[in-house]
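Overview (structure and organization)
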Amino acid sequence: MHTCSLSLGSVAQVKLFVDAASRYPCEIDVLSGRYVVDAKSILGLLSLDLTKPVSVEFHGDGEQFAAFLADIAPFRAEV
């Protein structure tokens, strides 16, 4: 499992993130506080408090994670 932090400030960014996550066959979870949602679910993500950065857990191999990080680079948050 690999982790990173994201900042998704608009519905358009959420849609782009979901599109990127949907390209990977592994499980990807988004955590906000005590809530965990599927990163491939736009409704799940929109139900979270996105005013703060969220954590992402990527359950794939290192090669896939590196490609995923490149895909989501505009949304990475420095925590």
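All of these numbers come straight from a predicted model, not from anything done at the bench. (Residues numbered from 1 in each chain as written. Predicted model: local features only at pLDDT ≥ 70, side-chain atom pairs only at ≥ 80, totals over all residues. Heavy atoms only, no water.)

Here the focus is the sheet that holds strand β2 (residues 27-32). With antiparallel pairing, the four strands of this open sheet are ordered in space as β1-β4-β2-β3. Single-partner strands in this sheet number two, and they are β1 (2-6) and β3 (35-38). Between one strand and the next, the sheet's axes are offset by a mean angle of 25°, whatever the strand orientation. In terms of strand pairing, β1 meets strand β4 (residues 54-59) through five bridges, oriented antiparallel. What sits directly across from Thr3, in β4, is Glu57. (Pairing = 2+ DSSP bridges. Helix = DSSP H or I, 4+ residues; strand = E, 2+ residues; numbered from the N terminus. Axes fitted to C-alpha atoms, helices over the stretch in contact; angles between N-to-C directions.)

On to the packing of aromatic side chains. For the structure on display, the rule yields five aromatic pairs. Ring centres of Tyr24 and Phe68 lie 5.5 Å apart, and the angle between their planes is 85°; on these two criteria the pair is classed as edge-to-face. Taken together, the residues span a long stretch of sequence, with Tyr24 in the loop between α1 (11-21) and β2 and Phe68 in helix α3 (residues 62-71) at a distance of 44 residues. The pair formed by Tyr24 and Phe68 is uniform in burial state, with each residue classed as buried. Judged by centre distance (5.5 Å) and plane angle (50°), the ring pair of Phe58 and Phe65 falls under tilted. The class for Phe58 is buried, based on a relative accessible area of 0%. Judged by its relative accessible area of 11%, Phe65 falls in the buried class. A network of ring pairs unites the aromatic residues Phe17, Tyr24, Phe58, Phe65 and Phe68 as a single cluster. (Phe/Tyr/Trp six-rings, centres within 6.5 Å; stacked < 30°, edge-to-face > 60°. Buried < 20%, exposed > 50% of the residue type's maximum accessible area, 1.4 Å probe, protein only.)

Right, let's talk about the pairing of β4 for a bit. Where β2 lies against β4, five bridges are found, and the strand directions are antiparallel. Within the sheet, the bridge partner assigned to Asp29 lies in β4 and is Glu57.

Phe17, Ile28, Val30, Leu45, Val56, Phe68 and Ile72 are the most contacted members of the largest nonpolar core, which totals 24 residues. Secondary structure elements with two or more residues in this core: β1, α1, β2, β4 and α3. Not counting residues within four places of it along the chain, the set of residues in contact with Leu45 comprises Val14, Phe17, Val18, Val30, Val37, Ala39 and Leu50. (Core = buried A, V, L, I, M, F, W, Y, C linked by side-chain atoms within 4.5 Å. Contact = heavy atoms within 4.5 Å.)

Here we take up a nonpolar patch on the surface. A contiguous nonpolar surface patch, about 370 Å² in accessible area, is contributed by Val11, Ile42, Leu43 and Leu46. A per-element tally of the nonpolar patch places helix α2 (residues 42-46) first, with three residues. By the element assignment, Leu43 lies in helix α2. Residue class for Leu43 comes out exposed when judged on its relative accessible area of 67%. (Patch = residues over 30% accessible without salt bridge, like charges linked within 9 Å, V, L, I, M, F, W, Y side chains within 5 Å. Areas by Shrake-Rupley, 256 points an atom, 1.4 Å probe, with all protein chains shown as cover. Salt bridge = Lys/Arg side-chain N within 4 Å of Asp/Glu carboxyl O.)

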